[in-house]
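Summary of the model geometry
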Amino acid sequence: MSSTVHTLAGQEPSRKSLEQMQSIEQLRQLSGEEFEIGYINRIVPHHQGGIMTSQIMLDKAVHPELRQQLEKSIEEQQRDIELLSTYLRTTYSQEPALDPAFVMEPQMSQHLMSAPPESAEIIFLLMVREHHHTVIEMGQAVLQQANSQVLVDQATEMVQSQRQELDLFATFLSIWYGVEAPQVTGDAETAMQYAMSIT
């Protein structure tokens, strides 16, 4: 595949991306207990979507390096969900109330499942980089606003891991497929549409 250069920046954001941006902005306006509960209710469904797409790719991935990273990512996100759900129960006597803006759209997984393996890798790598950008934004809000050391520690590890993977996936795209990773905007849906247009 010849080298492909593209940027998603400047394009009209998808409906899902707008919903997520608005929800993150609302989160930033909260404080104390409301902020902590709001963060958990956003990051848990976001991680659940990440786990679902990673599990699909475990069966489709062409490259062993990607499968290894998928296993690591699934483990980290499952650990976060367990930690945060337990924190919510023990601290606020609540179960996670999933924010719909961060529940993955069914077509995202459907496109991955129906795509040929190499095309699925490109779709996944581009889409998940946007997914990570959104996670990093929420994690940074925690580092600035959370009172709980449990949440600060969780967000610190999460942001570091997601930033490393964001860069790693850009390297995979370049080396394996000659695709220059676009500047991330947090819009996984638009990234998926772009990926499908070049595969």
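Predicted, not measured: the structure shown is a model, and the values here were computed from it.

About the thresholds
- Residues numbered from 1 in each chain as written.
- Predicted model: local features only at pLDDT ≥ 70, side-chain atom pairs only at ≥ 80, totals over all residues.
- Heavy atoms only, no water.
- 1 Å grid on protein atoms, 1.4 Å probe; cavity = no way out; pocket = protein on both sides within 12 Å on 5 of 7 lines; lining within 4 Å.
- Points joined across faces, edges and corners; volume = space filled by probe spheres on them.
- Nonpolar A, V, L, I, M, F, W, Y, C, P; charged D, E, K, R; others polar.
- Buried < 20%, exposed > 50% of the residue type's maximum accessible area, 1.4 Å probe, protein only.
- Helix = DSSP H or I, 4+ residues; strand = E, 2+ residues; numbered from the N terminus.
- Polar contact = N/O pair within 3.5 Å; in protein donor to acceptor, adjacent residues only side chain to side chain.

Further remarks concern the layout of surface pockets. Considered as a void within the structure, the largest pocket measures approximately 180 Å³ in volume. As for the largest pocket, its lining consists of 13 residues, of which Glu 76, Arg 79, Glu 157, Met 158 and Ser 161 are closest to the centre. Along the lines of polarity and charge, the residues of the lining of the largest pocket split into one nonpolar, seven polar and five charged.

A positive phi angle, close to 55°, is found at Ser 93, a residue other than glycine. Residue Ser 93 is classed as exposed on the basis of its relative accessible area of 66%.

For the rest of this paragraph, the subject is helix α7 (residues 188–198). Turn by turn, an α-helix covers 3.6 residues, leaving residues three or four places apart pointing in a common direction. Every buried residue of α7 is listed here: Ala 188, Glu 189, Thr 190, Ala 191, Met 192, Tyr 194 and Ala 195. The residue sitting at the N-terminus of α7 and contributing the capping side-chain oxygen is Asp 187; that oxygen lies 3.4 Å from the backbone nitrogen of Glu 189.

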